[in-house]
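Chain by chain, the residues:
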Amino acid sequence: MIARSGAGPLRRLVVLRHAKSARPEGTPDHERPLAPRGRRDAPAAGHALAEADLLPDLALCSTAVRARETWELAAGQWGTPPPVRHDPRLYAAGADELLAVVHEVPAGIATLLLVGHNPGLEDLVLGLAGDGLGDTLEQVRTKFPTSAVAVLAWHGTAWSALAPGTALLTSVTVPRGGKK
């Protein structure tokens, strides 16, 4: 059951870990691009979100190159991508920092997409989920790999009301693109 933090509409937080990145010698971590597998998996993530009717009203994306490329390739699968905010606070952020950024989202946003990095994203998902459908919580505890998508649902009047343990983890998927 979805925890209800007071009355309010159903909201969904879709958490997308960036796709597989390359590790070119001499490239700073923030500037690392996607690896060939990541360039295949990111569009698959976008396609999976569209198929699951999880297109966001707003996307918040880390400024790291691999996260930006993941966003661009995923959003390229949709007719009209939603607005995106590239936020430097999402790079290397822990769960508390990520939640602080989510708390700033306008109340009119029903579905929010967060594109970022581990271990912060995994910790955020596990911290917010008071419960999960099926084995979703165990899946995240075991591994939240690149291109993983977790969907948290909760009821609230404002994003600032989202608190640890108040959401239901409804799904976890790891979309993969075909081999090339």
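None of the values given here were measured: they were computed from a predicted structure. (Residues numbered from 1 in each chain as written. Predicted model: local features only at pLDDT ≥ 70, side-chain atom pairs only at ≥ 80, totals over all residues. Heavy atoms only, no water.)

**Considering the sheet that holds strand β1 (residues 10-17)**
Then step 1. Reading across from one edge, β3-β2-β4-β1-β6-β7-β5 is the order of the 7 strands in this open sheet, with mixed pairing throughout. Edge positions in the sheet fall to β3 (84-86) and β5 (129-132), since each of these pairs with one other strand and no more. Direction aside, the axes of adjacent strands within the sheet are offset by 25 degrees on average.
Then step 2. Here strand β2 (residues 58-61) runs beside strand β4 (residues 111-116); their pairing, made up of 4 bridges, is parallel. Note that in β4 the partner of A59 across the bridge is L113.
Then step 3. Lying on the sheet, helix α2 (residues 65-75) is in contact with β1, β2, β3 and β4; it crosses β2 at an angle near 155 degrees. (Pairing = 2+ DSSP bridges. Helix = DSSP H or I, 4+ residues; strand = E, 2+ residues; numbered from the N terminus. Axes fitted to C-alpha atoms, helices over the stretch in contact; angles between N-to-C directions. Contact = heavy atoms within 4.5 Å.)

**Some thoughts on the side chain of T146**
Then step 1. Along the chain, the position of T146 falls in the loop between α5 (136-142) and β6 (149-155).
Then step 2. Looking at T146, its side chain comes within polar contact range of the side chain of R37, at 3.1 Å.
Then step 3. Discounting residues that sit within four places of it in the chain, T146 has contacts with R17, H18, A19, K20, R37, V174 and R176. (Polar contact = N/O pair within 3.5 Å; in protein donor to acceptor, adjacent residues only side chain to side chain.)

**Quick word on the confidence of the model for the protein**
Low-confidence regions, as indicated by low pLDDT, have predicted coordinates that should not be scrutinised in detail.
Then step 1. Residue-level pLDDT values for the protein average 94, and 95% of them are 70 or greater.
Then step 2. Contacts from residues 1-5, a stretch scored under 50 in pLDDT, to residues over four places away or in other chains number 16 contacts. (pLDDT = per-residue confidence, 0-100.)

**Topic: the environment of W159**
Then step 1. Mapped onto the elements of the fold, W159 is located in the loop between β6 and β7 (167-173).
Then step 2. When the C-alpha positions of W159 and A64 are compared, they lie 24 Å apart, and in sequence the two are 95 residues distant.

**Here we look at the packing of aromatic side chains**
Given two aromatic rings, one states the distance between the centres and the angle between the planes to describe the pair.
Then step 1. Within the structure shown, the criterion is met by 2 aromatic pairs.
Then step 2. Ring centres of W71 and W78 lie 5.8 Å apart, and the angle between their planes is 70 degrees; on these two criteria the pair is classed as edge-to-face. For the residue pair W71 and W78, the accessibility class agrees, reading buried in each case.
Then step 3. Residues W154 and W159 carry aromatic rings whose centres are separated by 5.6 Å and whose planes lie at 70 degrees to one another, so their mutual orientation is edge-to-face. (Phe/Tyr/Trp six-rings, centres within 6.5 Å; stacked < 30°, edge-to-face > 60°. Buried < 20%, exposed > 50% of the residue type's maximum accessible area, 1.4 Å probe, protein only.)

**Side note on the environment of T27**
Then step 1. With respect to the helices, strands and loops of the structure, T27 is situated in the loop between β1 and α1 (36-51).
Then step 2. Each C-alpha atom of the pair T27 and K143 lies 26 Å from the other, and the pair is 116 residues apart in sequence.

**Here's the deal with α2**
Then step 1. Residues of α2 that are buried: R66, A67, E69, T70, W71, A74 and A75.
Then step 2. On the buried face of α2, the contacting elements are β1, α1, β2, β3 and β4.

**Details of the side chain of S21**
Then step 1. Following the sequence through the fold, S21 ends up in the loop between β1 and α1.
Then step 2. Residue S21 is classed as buried on the basis of its relative accessible area, which comes to 9%.
Then step 3. A distance of 2.3 Å separates a polar atom in the side chain of S21 from a polar atom in the side chain of R32.
Then step 4. Excluding anything up to four places from it in sequence, S21 contacts R32, P33, L34, A35 and R66.

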